[in-house]
Amino acid sequence: MLTDLHVHLRRDDLDRTAADHFTAENAERYVTTARERGVGYLGVSEHVYRFRQGLSIWDHPFWRENAQDDLEAYCAFVRDETELRLGIEADFVPGREDRTANLLDEHDFDYVLGSIHFLGDRAVDIRGEWDIWSGRADPDAVWRRYFETLGEAARSGLFDVLSHPDLVKVWGGGAPRPGGDLRRFYDLAMDGIAESDVAIEVSTAGLRKPVREIYPAPAFLAMCLEAGRPVALSSDAHVAGDLAYGYDRAAELLQSHGVERIATFDRRSRALEPLG
Ligand SMILES: [Zn+2]
Ligand SMILES: [Zn+2]
């Protein structure tokens, strides 16, 4: 079994509408590509901040600008007009756990991906106005905060999967980066991860980003496996052509760490399927 749970039908640009992307034809492109690439479990997980309802969690200006779609319409479309599993990529916003739980509980998602794209009001992986690196940020402080927040996200119990777990590395050499053994940062997340029941996403999206690495780094993956956490394999595709992108590299990584099974989800209950 190969999976792709972290998939967006909707691109990140704001000049296109939900109606452009949430069509049976577009969904069918993804389903066909998945079949061609041997992906047996395929789900879609749009960003919570693309939905007007997401503003009930946080009204950051970036969210306000992005909140164009209707969450009920998205859920109904995926359930009624596609063969895709229904997921969502929800940000972990510290202090907004109850609001997040309320929104998630009102829908019958197959799974919820938990992401950290923001630290305070600064963005980890978005250039421009909100870029955390646009000022004179101290890389050690940013990385520390990122991994502390990741541990909190795991501990919150809100999420089935921790997405792109070391996203803070996304810019590679294009942003300041701490030196030395990075395990001192990963460690900050490990208590929360070890005490949770969350799956760890192995995401090939990083291969398409400036860092050119899979998320998470091998040393971080090893720590999560040591803590008994299962793996969820995804590409974070925003176009059908990126489905299962770089899975040969991911398979190598997983095999080298002795991972034999990967997670699938049905109405938020997890199963483990043989990887292959
Ligand atoms: Zn993300
Ligand atoms: Zn995503």
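Preceding this paragraph is the structure being described.
Note that the structure is a prediction, hence the values are computed from the model and not measured.

**Digging into the overall build of the protein**
So, step 1. The helix and strand inventory of the protein stands at nine helices and eleven strands.
So, step 2. Whereas a compact globule of 276 residues would reach a radius of gyration of roughly 19 Å, the protein reaches 17 Å, a difference of no more than 12%.
So, step 3. Each principal axis of the C-alpha distribution contributes one length, and for the protein these read about 50 × 40 × 30 Å.
So, step 4. The long-range fraction of contacts in the protein, counting pairs at least 24 apart against all pairs at least 6 apart in sequence, stands at 74%.

**Re the pairing of strand E11 (residues 269-274)**
On any regular strand, side chains alternate: one points to one face of the sheet, the next to the other face.
So, step 1. Note that strand E10 (residues 261-266) and E11 share six bridges and pair antiparallel. What sits directly across from Ala 263, in E11, is Leu 272.
So, step 2. Taking the residues that link successive antiparallel strands as the turn, the E10-E11 hairpin has two residues, and the phi of Arg 267 there is positive, at about 45°.

**Here we look at the coordination of the zinc ion (ligand 1)**
So, step 1. Note on the zinc ion (ligand 1): its protein donors are Glu 89 (OE), His 117 (NE2) and His 164 (NE2). The metal-donor distances range over 2.1 to 2.2 Å.
So, step 2. For the zinc ion (ligand 1), all donor residues lie on one chain, and their spacing in sequence is E-x27-H-x46-H.
So, step 3. In this model, the zinc ion (ligand 1) sits 3.5 Å from the zinc ion (ligand 2), the two metals being bridged by Glu 89. With Glu 89 in strand E3 (residues 85-91) and His 117 in the loop between strand E4 (111-115) and strand E5 (118-119), this pair connects stretches of sequence that are 28 residues apart. Comparing Glu 89 with His 117, the two get one shared label, buried.

**A look at the packing of aromatic side chains**
So, step 1. Under the criterion given, the structure shown has 17 aromatic pairs.
So, step 2. Ring geometry for Tyr 146 and Phe 147: centres 5.0 Å apart, planes at 85°, overall edge-to-face. The two residues Tyr 146 and Phe 147 agree in class, both being buried.
So, step 3. We note Arg 127 situated over the ring of Trp 171; from NZ or CZ to the ring centre the distance is 3.9 Å.

**As for the coordination of the zinc ion (ligand 2)**
So, step 1. Within the protein, the zinc ion (ligand 2) binds to His 6 (NE2), His 8 (NE2), Glu 89 (OE) and Asp 236 (OD); these donor distances fall in the range 2.0 to 2.4 Å.
So, step 2. Each of the four donor atoms bound to the zinc ion (ligand 2) contributes to angles spanning 79 to 164°, and the resulting shape is irregular.
So, step 3. We note that the donor set of the zinc ion (ligand 2) lies within a single chain, spaced as H-x1-H-x80-E-x146-D.

Rules used throughout
Residues numbered from 1 in each chain as written. Chains lettered and ligands numbered in written order. Predicted model: local features only at pLDDT ≥ 70, side-chain atom pairs only at ≥ 80, totals over all residues. Heavy atoms only, no water. Helix = DSSP H or I, 4+ residues; strand = E, 2+ residues; numbered from the N terminus. Rg over C-alpha atoms; globule rule 2.2 N^0.38 Å. Contact = heavy atoms within 4.5 Å. Pairing = 2+ DSSP bridges. Donors = N, O, S within 2.8 Å, 3.2 Å for Na, K, Ca; no water. Buried < 20%, exposed > 50% of the residue type's maximum accessible area, 1.4 Å probe, protein only. Phe/Tyr/Trp six-rings, centres within 6.5 Å; stacked < 30°, edge-to-face > 60°. Lys NZ or Arg CZ within 6 Å of the ring centre and 35° of its normal. Tetrahedral: all angles 85-135°; square planar, octahedral: opposite > 155°, others 65-115°.

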